[in-house]
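Residues per chain are reported as follows:
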There are 2 protein chains.
Amino acid sequence: MSDARLSALPTPCLLVDEARMNRNIDRLSRHAASLGVRLRPHLKTTKSVDAARHVLAGGNGPATVSTLAEAEVFAEAGIADILYAVGISPDKLDRVVALHRAGCRLIVLLDSVAQAEAVAAASRACGIAIPAMIEIDSDGHRSGLTADDPALIDVGRTLDAGGAELCGVLCHAGESYGAVGRAAQAVCAEQERRAVVDASDRLRGAGLPCPVVSVGSTPTAHAAKDLTGVTEMRAGVYVFFDLVMAGIDVCDVDDIALSVLTTVIGHQTTRGWTICDAGWMAMSRDRGTASQRVDQGYGIVCDAAGKVIPGLIVIQANQEHGVIAPRSGFDGGTPDLPLGTKLRILPNHACATAAQHGHYHVIPAKRDAPLATWPRFGGW
Amino acid sequence: MSDARLSALPTPCLLVDEARMNRNIDRLSRHAASLGVRLRPHLKTTKSVDAARHVLAGGNGPATVSTLAEAEVFAEAGIADILYAVGISPDKLDRVVALHRAGCRLIVLLDSVAQAEAVAAASRACGIAIPAMIEIDSDGHRSGLTADDPALIDVGRTLDAGGAELCGVLCHAGESYGAVGRAAQAVCAEQERRAVVDASDRLRGAGLPCPVVSVGSTPTAHAAKDLTGVTEMRAGVYVFFDLVMAGIDVCDVDDIALSVLTTVIGHQTTRGWTICDAGWMAMSRDRGTASQRVDQGYGIVCDAAGKVIPGLIVIQANQEHGVIAPRSGFDGGTPDLPLGTKLRILPNHACATAAQHGHYHVIPAKRDAPLATWPRFGGW
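These numbers come from a predicted model, not from an experiment. (Residues numbered from 1 in each chain as written. Chains lettered and ligands numbered in written order. Predicted model: local features only at pLDDT ≥ 70, side-chain atom pairs only at ≥ 80, totals over all residues. Heavy atoms only, no water.)

Moving on to the overall build of chain A. When you go through chain A residue by residue, the secondary structure sums to 12 helices and 17 strands. Put simply, of all contacts in chain A between residues at least 6 apart along the chain, 68% involve residues at least 24 apart. Across chain A, the mean location of the 35 positive side-chain charges is 3 Å away from that of the 41 negative side-chain charges. (Helix = DSSP H or I, 4+ residues; strand = E, 2+ residues; numbered from the N terminus. Contact = heavy atoms within 4.5 Å. Lys, Arg positive; Asp, Glu negative; His and termini not counted. Charge placed at Lys NZ, Arg CZ, Asp CG, Glu CD.)

The following block contains the structure:
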């Protein structure tokens, strides 16, 4: 049980189980291949060049990012085909152009004529046809035009006639995070596919190009059975998975590759509480399982070797304190966890928990090899 | 309204209104002085050497921290009297000793004989009487011994006889965050005072020293009317304040010195949504106002000059998207916010929001002076 490699780490800190991560990466890569689509992994979960090398199997793309800071770091590391999957604002176009000049094909995303005009104007000004995708909304989740929105053709024409490059259409079925089980997620996947295929048909019908038809969210990417008309799929959190994904049956708890190593720092014996040094600063404030069938508090507690301790979760968190106790209704016994005991906490949301840390400590797939350290970055 | 200094900043980013911050610092400093106690500010909110210079008025202490990383950074910056206000675990004592050897008086916190034995053993091993405070629990919030716990004297004796330095007792009335209004907070403050004073009486009655009697939380620090028997007060979030503190009437919304500058990146007109680039990565996942009288979503929306826009909040957040809409029930008009508009979002919880960023952009108290940049740090 005791692992000298982990005992030497200051806590709290972030652990990655490389073997699980590799298994997760392999699973979705094979699924995408079986559906005949290219996978464009979202690097916003890991925000690490070392992790990106695994996710992209050493290739230089394609990839998805959520910030220009990510695009800049990954471009610097040699990734040359990047989609910035957040609606572009005109003030960010200078940095987009700079990335193109540095040799990175950075594709922007938009859903309005105003944005298309700004991208077209920037394209003309810099002499580079900035590639852009039009965001399509399949489920009312957030952004995008519905496939039948009259503005779709206007946006496409504004890009195409204005000097930008109209690459295609993109949809993110964000509501699939609330769909429990493979069958419900497959319905979301088909709705997502339908939306972008309909939109691509309309653009082509209007004489506009639409080479790329992109779908993706971790639940729909795993559940999709048929992606006819689609050319690429995106997903991010699948690399690590987390309790939110386990809670809707996209993965098992044993697939979760990310955890926070923590140390027991006290007890409140009369209340049955064990206090550890993983508070919300280490776990994040994400409570994504609170609205699921099973509320996992701030995370499931495992021993230092990563084995789940039945019934034990982090029931509450302050900035640097986590309170560990049996989940409501659990009547099994719980082990003695004396002062100094090392534990691992599985997170609700891998993107949010990882963002609280400056680096990963990686437990290598090769048993007993030394831990690796992968820096990660944040910012915009 | 338009401020060229702000327009030049990439968004999202963190803003500090220095004039408000100075007013907040001055308010609690004067209150502590009027009660005859020393103020030991908690630096976990700001995590910035530049901010600490303001908070400590240029002095070298006393200060409170929540991590050893904070202690190390602030000690390096010359702060020489620091309380590490999270229960100590034995594996962290090497770093505590190293700080003492580097000239910083670092006080540790504990509430068990096991911890006291570890601190005493480390004191003997290194030849430095490590100063320690005993944590007292006044409200069942988290850690600490109740003032009448028989273990109190055992813990004190273990430190005192074992070669450590028993400095005194400390209480944090964490439940005061749920107490609405000055009168209710004053009750918490008196309960907090009573707990540490009773504990100090018991220690002294047993022939043990107890020079320091420490209380503090931002609500109780501001509400306390009489601190007889107390020697010092701690608080952290008062420097910036936030919507959680405004929600329980510790401050006004106009006292909040921290905000996130954001840019409008899209609209969902049929739903009345404006999309901005401040998602939960910029705001944090903290939803501390969700359980208050008024749920502020992910924050109150202000114009670029910092003036609150009536009725407008961030109703939901994804990683890099914030959805701005009128709060439920609001039937006033909302302004037109075209693509590219700059806005400021006031956060639920300043500690959590600030932790998502690598630096502060400071709007100087001196009107029209250039913005300052204060780096901040994280980690453990």
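Having seen it, we continue.
When the parts of a complex come together, some accessible area is lost, and that lost area is often used as the size of the interface. Each side of the interface is counted separately: chain A has 53 residues, and chain B has 53 residues. Of the roughly 4200 Å² buried between chain A and chain B on both sides combined, carbon and sulfur atoms contribute 53%. Between R271(A) and D137(B) there is a salt bridge whose closest N-O contact spans 3.1 Å. Where chain A touches chain B, the interface holds 24 residue pairs in polar contact (both at pLDDT 80 or more). (Buried area = accessible area lost by both parts, 1.4 Å probe. Salt bridge = Lys/Arg side-chain N within 4 Å of Asp/Glu carboxyl O. Polar contact = N/O pair within 3.5 Å; in protein donor to acceptor, adjacent residues only side chain to side chain.)

Okay, the state of the cysteines next. Scanning all chains against the criterion turns up zero disulfides over all chains. Of all cysteine sulfurs in the structure, the one in C171(A) sits closest to C188(A), which takes part in no disulfide; the separation is 10 Å. Note on C188(A): relative accessible area 14%, which makes it buried. Looking at the unpaired C351(B), the closest cysteine sulfur is the one in C251(B), lying at 13 Å. According to the relative accessible area criterion, C351(B) is buried, its value standing at 2%. (Disulfide = S-S within 2.5 Å. Buried < 20%, exposed > 50% of the residue type's maximum accessible area, 1.4 Å probe, protein only.)

As a further point, take the relation of the copies chain A and chain B. Screw-axis analysis of chain A against chain B gives a translation of 0.0 Å along the axis, an RMSD of 0.0 Å, and a rotation angle of 180 degrees. Such a combination of rotation and displacement between the chain copies is what one expects of a two-fold axis. Using C-alpha coordinates, one finds that chain A approaches the rotation axis most closely at R285(A), a distance of 2.5 Å. Of all interface residues in chain A, 100% are interface residues in chain B too; the two copies therefore contact each other through one and the same surface. (Least-squares fit on C-alpha atoms with pLDDT ≥ 70 in both.)

If you look at the biggest cluster of nonpolar residues, it comprises 238 residues, and the most contacted ones within it are I134(A) and I134(B). When residues no more than four places from it in sequence are discounted, the contact partners of I134(A) are L109(A), L110(A), L145(A), L152(A), V155(A), G156(A), L159(A), L166(A), G168(A), V169(A), L170(A) and L203(A). (Core = buried A, V, L, I, M, F, W, Y, C linked by side-chain atoms within 4.5 Å.)

Every α-helical turn comprises 3.6 residues, leaving residues that sit three or four positions apart pointing alike. Residues and elements named next belong to chain B. Taken together, the buried positions of helix α5 (residues 93-101) are occupied by L93, V96, V97, L99 and H100. Mapping the buried residues of α5 onto a view down its axis gives an arc of 160 degrees, with all of them on the same face. In α5, the exposed positions that point more than 90 degrees away from the buried face belong to D94 and R101. Two residues or fewer past α5, G103 is found with a positive phi of approximately 100 degrees. (Arc of directions from axis to C-beta.)

Residue and element names in this part refer to chain B. Across the six residues of strand β5 (residues 105-110), five count as buried, placing the element largely inside the fold. Sheet analysis places strand β4 (residues 81-87) next to β5, joined by four bridges and oriented parallel. Paired with L83 across the strands is I107, a residue of β5. Between the parallel elements β4 and β5, the chain passes through α5 in a crossover that is right-handed. In terms of strand pairing, β5 meets strand β6 (residues 131-136) through three bridges, oriented parallel. By the bridge assignment for β6, V108 is matched with A132. Between β5 and its parallel partner β6, the chain crosses via helix α6 (residues 113-126), and the hand of that crossover is right-handed. (Pairing = 2+ DSSP bridges. Right-handed = clockwise from strand over helix to strand, strands pointing away.)

All names here are of chain B. One can find E18 in helix α2 (residues 18-35). No salt bridge is formed by the buried E18; its nearest oppositely charged neighbour, R5, is found at 9.0 Å. A distance of 2.7 Å separates a polar side-chain atom of E18 from the backbone nitrogen of A365.

A word on the UniProt feature "domain: D-serine dehydratase-like" (unreviewed entry) in chain A. Those places that UniProt annotates as "domain: D-serine dehydratase-like" (unreviewed entry) correspond, in this numbering, to residues 257-364 of chain A. Between the C-alpha atoms that bound residues 257-364 of chain A the distance is 11 Å, and the span itself is 8% helix and 41% strand. (UniProt positions renumbered as here; feature names shortened; annotations may be inferred.)

Residue and element names in this part refer to chain A. At the junction of G61 and P62, the peptide bond is cis and its omega measures out at -5 degrees in the coordinates. Residues other than glycine seldom take positive phi values, yet K47 does so here, at roughly 45 degrees. Among the structural elements, K47 can be located in the loop between β2 (38-39) and α3 (49-55). One non-glycine residue, D249, adopts positive backbone phi at about 70 degrees. Residue position: D249 is located in the loop between α10 (243-247) and β10 (258-268).

Another aspect to go through is the packing of aromatic side chains. The tally for this structure, following the rule as stated, stands at four aromatic pairs over all chains. Relative to F377(B), the ring of F74(B) lies with its centre 5.5 Å away and its plane at 65 degrees, an arrangement referred to as edge-to-face. Of this pair, F74(B) sits in helix α4 (residues 68-76) while F377(B) sits in the segment after β17 (372-375), and the two are 303 residues apart along the sequence. Above the plane of the ring of Y298(A) lies R287(A), whose end atom (NZ or CZ) is 5.5 Å from the centre. (Phe/Tyr/Trp six-rings, centres within 6.5 Å; stacked < 30°, edge-to-face > 60°. Lys NZ or Arg CZ within 6 Å of the ring centre and 35° of its normal.)

Residue and element names in this part refer to chain A. Here eight strands make up an open sheet; going across it, the order is β2-β9-β8-β7-β6-β5-β4-β3 and the pairing parallel. The strands lining the two open edges of the sheet, one partner per strand, are β2 and β3 (63-65). Here helix α8 (residues 182-205) sits on the sheet and contacts β6 (131-136), β7 (165-171) and β8 (212-215); the angle it forms with β8, its principal contact strand, is near 160 degrees. (Axes fitted to C-alpha atoms, helices over the stretch in contact; angles between N-to-C directions.)

Now for the confidence of the model for chain A. Overall, the prediction assigns chain A a mean pLDDT of 97, with 99% of residues at 70 or greater. Predicted complex, confidence summary: ipTM 0.97, pTM 0.97. (pLDDT = per-residue confidence, 0-100.)

Residue and element names in this part refer to chain B. Look at α6 against helix α7 (residues 151-162): their axes get within 8 Å of each other, and the N-to-C directions meet at 5 degrees. One finds that α6 runs roughly parallel with respect to α7. Contacts between α6 and α7 involve V113, A116, E117, V119, A120 and R124 from the first element and D154, V155, T158, L159 and G162 from the second. Residue composition of the contact of α6 with α7, by class: six nonpolar, two polar and three charged. (Parallel < 35°, antiparallel > 145°, perpendicular 65-115°, else oblique. Nonpolar A, V, L, I, M, F, W, Y, C, P; charged D, E, K, R; others polar.)

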